[in-house]
Amino acid sequence: MTELPAAPPLSGITVVSVEQAVAAPFATRQLADLGARVIKVERPGGGDFARRYDTTVHGESSYFVWLNRSKESVTLDLKTDAGRAILEQLLADADVFVQNLAPGAAARMGLGAEALAERFPSLIPCSISGYGSTGPWADRKAYDLLVQCQTGLVSLTGNEHGSARVGVSIADIAAGMYAYSGILTALFTRATTGVARAVEVSLFEALAEWMSQPAYYTRYGGTQPPRLGTQHATIAPYGAYTAADGRAVLFSVQNEREWAALCERFLGRPGLVTDPRFATGSARVAHREQLNAIVAGRFGELDSDEVTKLLDAAGIANAGVNDLTDFLAHPVLSGRDRWRDVRIPGGAAVSALLPPADLAGTTARMDAVPAAGQHTDTILADLGYGPADIESLKAEGVI
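Residues numbered from 1 in each chain as written. Predicted model: local features only at pLDDT ≥ 70, side-chain atom pairs only at ≥ 80, totals over all residues. Heavy atoms only, no water.

Peer 1: Would you explain the overall build of the protein in this entry?
Peer 2: From N to C terminus, the protein includes 17 helices and 11 strands. Each principal axis of the C-alpha atoms in the protein carries an extent, and together these give about 85 × 55 × 40 Å. The buried share of the protein, taken over its 399 residues, is 43%. Of all intrachain contacts in the protein linking residues separated by at least 6 positions in sequence, the fraction that spans at least 24 positions is 66%. Total accessible area on the protein stands at roughly 20,200 Å², and carbon and sulfur atoms take up 54% of it. Side chains of the protein give 34 positive and 44 negative charges; the mean places of these two sets differ by 3 Å. (Helix = DSSP H or I, 4+ residues; strand = E, 2+ residues; numbered from the N terminus. Buried < 20%, exposed > 50% of the residue type's maximum accessible area, 1.4 Å probe, protein only. Contact = heavy atoms within 4.5 Å. Areas by Shrake-Rupley, 256 points an atom, 1.4 Å probe, with all protein chains shown as cover. Lys, Arg positive; Asp, Glu negative; His and termini not counted. Charge placed at Lys NZ, Arg CZ, Asp CG, Glu CD.)

Peer 1: How should I be thinking about helix α13 (residues 304-313) in this particular structure?
Peer 2: Since there are 3.6 residues in each turn of an α-helix, residues three or four apart along the chain are aligned in direction. Among the residues of α13, S304, V307 and L311 are the ones counted as buried. Looking straight down α13, one finds its buried side chains confined to an arc of 55°; they lie on one side. Those residues of α13 that are exposed and aimed more than 90 degrees away from the buried face are D305 and K309. Those residues of α13 that are buried are in contact with β8 (248-252), α10 (256-267), α12 (288-299) and β9 (317-320). Regarding α13, its N-cap is D303, as a side-chain oxygen of that residue lies 3.2 Å from the backbone nitrogen of D305 further along. With its phi angle positive at about 75°, G315 sits one or two positions after the end of α13. (Arc of directions from axis to C-beta. Polar contact = N/O pair within 3.5 Å; in protein donor to acceptor, adjacent residues only side chain to side chain.)

Peer 1: Looking at this structure, I do not really get the side chain of S304. What am I missing?
Peer 2: Residue position: S304 is located in helix α13. For S304, a relative accessible area of 5% puts it in the buried group. Of note is the side chain of S304, whose polar atom sits 2.7 Å from the side chain of D245. Leaving out residues up to four positions away in the same chain, S304 has contacts with A243, D245, R247 and V249.

Peer 1: Honestly, the packing of aromatic side chains in this entry has me stumped. Any pointers?
Peer 2: Any two aromatic rings considered together are summarised by their centre-to-centre distance and by the angle between their planes. A complete count under the given rule lists 11 aromatic pairs for this structure. Each ring, one from Y131 and one from F204, has its centre 5.7 Å from the other, and the planes form 45°; the classification is tilted. Linking Y131 in the loop between β5 (124-129) and α6 (144-150) with F204 in helix α8 (residues 203-210), this pair joins segments that are 73 residues apart in sequence. Here Y131 falls in the buried class, since its relative accessible area comes to 10%. Here the aromatic cluster, defined as three or more aromatic residues joined through ring pairs, consists of Y241, F251, F266 and F299. A cation sits over an aromatic face here: R140 above W137, 3.9 Å from the ring centre. (Phe/Tyr/Trp six-rings, centres within 6.5 Å; stacked < 30°, edge-to-face > 60°. Lys NZ or Arg CZ within 6 Å of the ring centre and 35° of its normal.)

Peer 1: Explanation requested: the environment of A233 in the structure shown.
Peer 2: For A233, the position within the fold is in the loop between α9 (212-221) and β7 (238-242). Look at A233 and you get buried, because its relative accessible area is 17%. Expressed as a C-alpha distance, the spacing of A233 and V285, which sit 52 residues apart in the sequence, is 8.2 Å. Among residues more than four places away in sequence, those in contact with A233 are P225, P226, L228, V285 and R288.

Peer 1: Looking at this structure, I do not really get the packing of α10 against α12. What am I missing?
Peer 2: Packed helices, taken two at a time, are described by the angle between their axes plus the distance between the axes. Running from N to C, α10 and α12 cross one another at 35°; their axes reach a closest spacing of 11 Å. Here α10 and α12 pass one another in a crossing that is left-handed. Only L291, I294, V295, R298 and F299 of α12 make contact with α10, whose side of the interface consists of W259, F266 and L267. Per-class residue counts for the contact of α10 with α12 are 7 nonpolar, no polar and 1 charged. (Axes fitted to C-alpha atoms, helices over the stretch in contact; angles between N-to-C directions. Left-handed = near helix turned anticlockwise from the far one by under 90°. Nonpolar A, V, L, I, M, F, W, Y, C, P; charged D, E, K, R; others polar.)

Peer 1: What is the right way to read the pattern of salt bridges from this model?
Peer 2: Where charged atoms from two side chains of opposite charge approach closely, those side chains can pair. This structure, assessed with the given rule, holds 20 salt bridges. Its salt-bridge partner being E42, residue R51 comes within 2.8 Å of it at the nearest N-O pair. Of the charged contacts in the structure, one is a salt bridge between R365 and D367, with a shortest N-O distance of 2.9 Å. Each of E19, K40, D48 and K71 takes part in a single network of salt bridges with overlapping partners. (Salt bridge = Lys/Arg side-chain N within 4 Å of Asp/Glu carboxyl O.)

Peer 1: Quick question: what am I supposed to make of the nonpolar core here?
Peer 2: The nonpolar side chains of soluble globular proteins are, as a tendency, buried together. In this structure, V15, V98 and I128 are the most contacted members of the largest nonpolar core, which totals 35 residues. Elements with a minimum of two residues in this core: α1 (23-33), β4 (96-99), β5, α7 (170-193), β6 (199-202) and α8. The element that contributes the greatest number of residues to this core is α7, accounting for 9 residues. If sequence neighbours within four positions are ignored, I128 has contacts with A23, A24, V98, Q99, N100, A175, A179, V201 and L203. One finds V16, V41, L123 and V398 within the second-largest nonpolar core, a separate group that totals 26 residues. (Core = buried A, V, L, I, M, F, W, Y, C linked by side-chain atoms within 4.5 Å.)

Peer 1: Explanation requested: α8 in the structure shown.
Peer 2: Within α8, the full set of buried residues consists of L203, A206 and L207. Down the axis of α8, the buried side of the element spans an arc of 90°, and every buried residue falls inside it. In this structure, the buried side of α8 is in contact with α1, β5, α6, α7 and β6.

Peer 1: Sorry if this is basic, but what is going on with the sheet that holds β7 here?
Peer 2: The strands making up a sheet associate through backbone hydrogen bonding, with each pair oriented either parallel or antiparallel. The antiparallel open sheet is built from 3 strands, whose spatial order is β7-β8-β9. The two strands at the open ends of the sheet, each matched to only one other strand, are β7 and β9. Adjacent strand axes in the sheet meet at a mean angle of 25° when their direction is disregarded. Across the sheet, α12 touches β7 and β8, and the angle it forms with β7 is around 40°. (Pairing = 2+ DSSP bridges.)

This is the structure we're talking about:
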């Protein structure tokens with residue numbers, strides 16, 4: 001007899017999120033993936049401004065489609081008493097409240113963690129900010145690239161000709177991941193102790209954690225890692241080299257065993273294994289230019305397929321340098337059946353990746369991306385509002 005999939009692990013958990021842009025929606029979408037009911041509160045007359053970042057996905061924003069599947073959308077003007085009253089009703093039955101409003105806005109509306117704890121002692125509030133709720137920069141706005149600059153990340157990316165931003169919203173993603181894991185931890189804590197604890201995450205501190213290795217290197221090494229494009233700043237050889245057919249292949253040597261295998265089975269120069277210029281990891285980094293010349297010379301004798309076969313035979317990790325078209329057709333994604341159809345506003349189906357963490361016996365939730373305010377009437381009806389009440393709220397611009 002075929003075993004039916006278990007209920008999603010967060011079934012029965014309700015999340016109310018006053019969210020916008022990337023960080024908070026990324027956290028709550030992952031909760032929705034696990035089966036939580038996520039009620040997304042948006043502004044009347046347009047909703048989350050990320051809906052208008054671009055129009056590339058059948059008229060919808062690529063950011064919004066990525067971040068907002070499986071949610072319900074309700075529009076509320078939280079600057080009105082009536083809008084805040086509806087939010088309070090939603091929070092009364094919620095398990096988690098997430099917000100990434102502008103600095104100070106949540107507190108002014110009575111939605112700070114301490115105020116919420118007094119009214120809803122079992123609610124887990126999660127605040128996502130730029131630089132934290134206290135400290136000298138608490139009142140500053142922050143966006144992803146600003147935080148990439150403030151943490152020094154931009155000083156590590158690019159090459160000798162200049163710095164570059166990381167090509168995805170990495171500070172937002174980091175903050176969203178820590179908010180997600182913090183909320184899961186708080187839910188576990190509440191389930192085991194009965195205490196609901198607040199979660200606070202800032203974009204700056206999330207990305208600061210990811211900057212720890214180069215920070216250690218700089219503090220104790222006296223200089224920061226250099227910008228080297230696709231070369232690794234502190235490991236060599238580790239980077240992309242161009243084969244005779246013009247295609248780049250990136251490979252990595254992580255230890256002395258792999259270094260010996262590279263010399264003997266790829267470079268065909270076993271004497272380099274004990275050459276004092278290259279015998280240790282630190283020596284190889286110190287003599288990077290000489291080492292790169294040797295590796296590049298060997299690449300220039302082979303086409304990319306030959307390079308890959310020889311590196312594979314030597315047990316050296318390697319990869320072609322893909323563009324996004326290559327990524328979309330990647331055999332791992334198709335071979336492991338990672339794509340699913342998700343509906344977007346208007347009814348079109350788009351391909352979306354399954355969540356990366358597979359939980360045995362369960363199926364990830366992959367429901368539609370909502371239109372702005374799509375569920376407002378239904379949610380208000382569930383709260384006890386009649387048709388006339390709802391029409392009145394619309395006329396007043398509350399919803």
